[in-house]
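Working through the structure, step by step
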Amino acid sequence: MSGNHAGHQHDHRRDGARLAVAAGANTLFAVVQIVVGLAIGSVVVLADAAHQAVDALGLITALIAVRVARRPASRDWSYGFGKADALGGFVSALLLAASVGWIVIESVRRLIEPESVEGGGVIVIGLIAIAVNGAGVLLVGHGHGDEAISLRAARLHLLTDLAGSVVVVLAGVLLVTTDASWIDPVASLLVSVAVLWSTWHLIRSAVGVLLDRSPAGMSAAELDELLASHDDVDVAHHVHVRSLGAGRHSASAHVVVHGETTVHRSQEIVDELGTLVRDRFGVEHVTIQIECEHHCADGEQEHDHAGHAH
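This one's a predicted model, so the numbers in the text were calculated from it and none came from an experiment.

Regarding the overall build of the protein
Tallying secondary structure elements over the protein gives eight helices and four strands in all. Going residue by residue from the N terminus, the α and β elements of the protein occur as α-α-α-α-α-α-α-β-β-α-β-β. Here the protein holds 310 residues, and the buried ones make up 45% of them. For the protein, long-range pairs separated by at least 24 residues make up 74% of all intrachain contacts whose partners lie at least 6 apart in sequence.

Below, the structure written as structure tokens:
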């Protein structure tokens, strides 16, 4: 167990260093984009600058979340700080949605009141943005199933802005070849739609963790069925599963055993059920409470026996 924990700490430190570098690069380039966007009057460049700025905020949020999630559990925070990553991802997604709202308003205004845009500058800034965001995606790395939501949010920011930068370049090419003023705001609207679609899925994932929705690949019904499959169990109830964040899960249930049983046997049943749940679902925290159908032996009549599988 200690080896796995050390591995997770190593991953957290490595993630933190890469996030810090990516956040610094995105912050610097966002400033450059804002200056250039205002200078050449391009709303699609300003839209990409807004994305870039929110990227930086998202990366900083993810960096803070990774550091907080690394803190050990305490008496007041007995489950630890794993959900900090979901909170970070949620805040990051809201920031992204807010920036898109501003971009949409500005794009519609530009469609109503067209303004000329210098296409060459759009192409240059778009190519630089592709390089910066592509490097950021490589720094953050590839995702996996139990990855922290804040890291997924950071990668989503970078990927959507990378796609937006490609659109910026295409818009610049069209501006140079056609000189059509509507291309700039329409391109930014297309980027905005794609970003909002991805952001919605991210918000759903974060809210699911924050409000204790059953983790992917595990449900209370499946846990109920697994517990009831044990030879000594009649029925399971008060079955709950939840995510603790960062790929860690918790499960609890009351199980009714049939016939008479000793306290010693009850503890054995608890251990057996805990092993079943961990092997099937990879749950870290399993809490099982035994309830006797008639009575428990060893002087435990009319009382429940609570057991915990660790």
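Topic: the packing of helix α7 (residues 220-228) against helix α8 (residues 263-281)
Running from N to C, α7 and α8 point in directions that differ by 135 degrees, and their axes come no closer than 10 Å. Taken together, the axes of α7 and α8 lie oblique to each other. Once α7 is placed against α8, the crossing between them reads as right-handed. Along the contact surface, α7 presents Glu222, Leu223, Leu226 and Leu227, while α8 presents Leu273, Leu276, Val277, Arg280 and Phe281. Its residues assigned to classes, the contact of α7 with α8 comprises seven nonpolar, no polar and two charged.

Quick word on the packing of helix α3 (residues 84-112) against helix α6 (residues 183-210)
When two helices pack together, their arrangement is captured by the angle between the axes and the distance separating the axes. Orientation of α3 relative to α6, taken along the N-to-C sense of each, is 160 degrees, at an axis distance of 8 Å. Between α3 and α6, the angle is such that the two are roughly antiparallel. Where α3 crosses over α6, the handedness of that crossing is left-handed. Class assignment of the residues belonging to the contact of α3 with α6 gives a composition of 22 nonpolar, five polar and two charged.

Focus: the pairing of strand β2 (residues 248-257)
The element β2 is largely enclosed, with a buried count of seven among its 10 residues. Inspection of the sheet shows strand β1 (residues 233-245) paired to β2 by nine bridges, in the antiparallel sense. Within β2, the position partnered with Val233 by the bridge is Val257. With eight bridges connecting them, β2 and strand β3 (residues 285-292) associate as parallel partners. Directly across from Val257, in β3, lies its bridge partner Cys292. Crossover handedness for the path β2 to α8 to β3: right-handed.

Points about the pattern of salt bridges
Tallying each qualifying case throughout the model produces six salt bridges. Each member of the salt-bridge network shares a partner with another, and the members are Asp232, Arg265, Glu268 and Glu272.

So, the side chain of Ser107
Along the polypeptide, Ser107 turns up in helix α3. Excluding residues within four positions of it along the chain, Ser107 makes contact with Val43, Pro185, Ser188 and Leu189.

Things to note about the side chain of Gln33
Examined against the element boundaries, Gln33 turns out to sit in helix α1 (residues 2-40). Assessed through its relative accessible area of 1%, Gln33 is described here as buried. Contacts of Gln33, omitting those with residues within four sequence positions, involve Val45, Asp48, Ala49, Gln52, Ile125 and Ala129.

Here's the deal with the environment of Leu46
Here Leu46 lies in helix α2 (residues 43-69). Setting aside anything within four residues of it in sequence, one finds Leu46 in contact with Ile34, Gly37, Leu38 and Trp102.

Describing the nonpolar core
Counting 21 residues, the largest nonpolar core has Leu223, Leu227, Val255, Val277 and Ile288 as the members making the most contacts within it. Of all elements in the fold, only α7, β1, β2, α8 and β3 reach the threshold of two or more residues within this core. If you tally residues by element for this core, the top one is α8, at five residues. Discounting chain neighbours no more than four positions away, the residues touching Val277 are Leu223, Leu226, Leu227, Ala251, Gly282, Val283 and Val286. Grouped together as the second largest cluster of nonpolar side chains are 15 residues, Ala129, Val132, Val168 and Leu175 included.

Observations regarding a nonpolar patch on the surface
A cluster of nonpolar side chains, namely Leu57, Leu87, Val91 and Leu95, defines an oily patch on the protein surface of about 310 Å² accessible area. The dominant element in the nonpolar patch, judged by the number of residues it contributes, is α3, at three residues. Within the fold, Val91 resides in helix α3. We classify Val91 as partly exposed; its relative accessible area is 36%.

Rules used in this analysis
- Residues numbered from 1 in each chain as written.
- Predicted model: local features only at pLDDT ≥ 70, side-chain atom pairs only at ≥ 80, totals over all residues.
- Heavy atoms only, no water.
- Helix = DSSP H or I, 4+ residues; strand = E, 2+ residues; numbered from the N terminus.
- Buried < 20%, exposed > 50% of the residue type's maximum accessible area, 1.4 Å probe, protein only.
- Contact = heavy atoms within 4.5 Å.
- Axes fitted to C-alpha atoms, helices over the stretch in contact; angles between N-to-C directions.
- Parallel < 35°, antiparallel > 145°, perpendicular 65-115°, else oblique.
- Left-handed = near helix turned anticlockwise from the far one by under 90°.
- Nonpolar A, V, L, I, M, F, W, Y, C, P; charged D, E, K, R; others polar.
- Pairing = 2+ DSSP bridges.
- Right-handed = clockwise from strand over helix to strand, strands pointing away.
- Salt bridge = Lys/Arg side-chain N within 4 Å of Asp/Glu carboxyl O.
- Core = buried A, V, L, I, M, F, W, Y, C linked by side-chain atoms within 4.5 Å.
- Patch = residues over 30% accessible without salt bridge, like charges linked within 9 Å, V, L, I, M, F, W, Y side chains within 5 Å.
- Areas by Shrake-Rupley, 256 points an atom, 1.4 Å probe, with all protein chains shown as cover.

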